[in-house]
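Inside the fold
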Amino acid sequence: LFAIFAFATCGGYSGELRVSVDCANRTLSDLRIDIAIAYPFRLHQVNFDVPTCEGKRKENLSLIGDFSSSAEFFVTIAVFAFLYSLAATVVYIFFQNKYRENNRGPLIDFIVTVVFSFMWLVSSSAWAKGLSDVKVATDPDEILLLISACKQPSNKCMALRSPIMSSLNTSVVFGFLNFILWAGNIWFVFKETGWHASGQRYPQEPMEKQSGSQSLNQGGYNQDTYGPTPPYNQQQGGLGQQPNFGQPGGLGQQNYNQARYNQTGPTSFTNQI
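For clarity, every value in this text was computed on a predicted model and none was experimentally measured. (Residues numbered from 1 in each chain as written. Predicted model: local features only at pLDDT ≥ 70, side-chain atom pairs only at ≥ 80, totals over all residues. Heavy atoms only, no water.)

Let's shift gears to the state of the cysteines. In this structure the tally under the stated criterion is two disulfides. At a sulfur-sulfur separation of 2.0 Å, the disulfide partner of Cys150 is Cys157. Since a negative S-S torsion denotes a left-handed disulfide, the Cys150-Cys157 link at about -100° is left-handed. For the chain, the disulfide bridges join cysteines in the arrangement 1-2, 3-4, where the cysteines are counted in sequence order. (Disulfide = S-S within 2.5 Å.)

Shown next, in the form of structure tokens:
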């Protein structure tokens, strides 16, 4: 809808300005010289006749400037934006499954939306500058400077009516409104793509949680790898305290067993350390 307003207010424009040349000889005067202007504003092709106030000979003049490039560029972007919006609306309503298949539809839609947003900004800025130049070129006071009869003090020249530019001003406003709409729509189209979904599906873990889990893993690794092995130590201690199955049981044998126990005791303690 906004695209329609943009190209309709610019592409359908036609206006008119009016000047008068009052010669010293009233019979040679022309008090109503109408000059028509219209889209695409090739003003150098707009010709009009004015009296020279020297006999019945008239002078053929033309306006200055060609502003068709910026105007046609603006209208072209508006027409293509309207067509794409219409096609996208049909796809959204009737082909939603095809649109979401393989995530290709949202990606294409996102790229086209970004391109149109940029083109709206460029075309609206260019047309705003072109419209400013059109207003200067179609100013009746500037046109009077082109008429040779108006340079003579005996003749009187007047600007009777300026062209109405309200619709052209509206087209510039709609151009920038379209830029705001398309630029704001980038976010909503981006949410339909897989890029937004992947960013929400895999959140990054906090640094504190990662450092805590790393310390826990290191502690478990050190404890399991380098810790003492009680069964092995207990087995060695048991070897130091083996019972004596001999029957003599004399004092020498007891001293020998005690000396053997004391000898193996520090060895077992060393292994535990």
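With the rule as written, the count across this model stands at six salt bridges. Arg32 is paired through a salt bridge with Asp34; the nearest N and O atoms lie 3.4 Å apart. With relative accessibility at 31%, the residue Asp34 sits in the partly exposed group. When salt bridges with common partners are traced through the structure, they connect Arg18, Arg32 and Asp34 into a single cluster. (Salt bridge = Lys/Arg side-chain N within 4 Å of Asp/Glu carboxyl O. Buried < 20%, exposed > 50% of the residue type's maximum accessible area, 1.4 Å probe, protein only.)

Before going further, it helps to spend a moment on unusual backbone geometry. Residue Pro40 is reached from Tyr39 by a cis peptide bond, and omega for that bond is 15°. Topologically, Pro40 is positioned in the loop between β2 (30-38) and β3 (47-51). One non-glycine residue, Phe41, lies in the positive phi region at around 65°. Mapping Phe41 onto the fold places it in the loop between β2 and β3. Exposure remark for Phe41: the relative accessible area of 0% places this residue in the buried category. Although it is not a glycine, Cys53 adopts a positive phi angle of roughly 60°. In this structure, Cys53 sits in the loop between β3 and β4 (58-62). (Helix = DSSP H or I, 4+ residues; strand = E, 2+ residues; numbered from the N terminus.)

Two faces make up the sheet, and in a regular strand the side chains alternate between them. Burial analysis of strand β1 (residues 14-22) places seven of its nine residues in the buried class, which makes it a mostly covered element. Note: β1 against β2, seven bridges, orientation antiparallel. Paired with Val21 across the bridge in β2 is Asp30. As judged from the five bridges shared by β1 and strand β5 (residues 156-161), these two strands associate in the antiparallel manner. Pairing of Val19 across the sheet is with Ala159, part of β5. (Pairing = 2+ DSSP bridges.)

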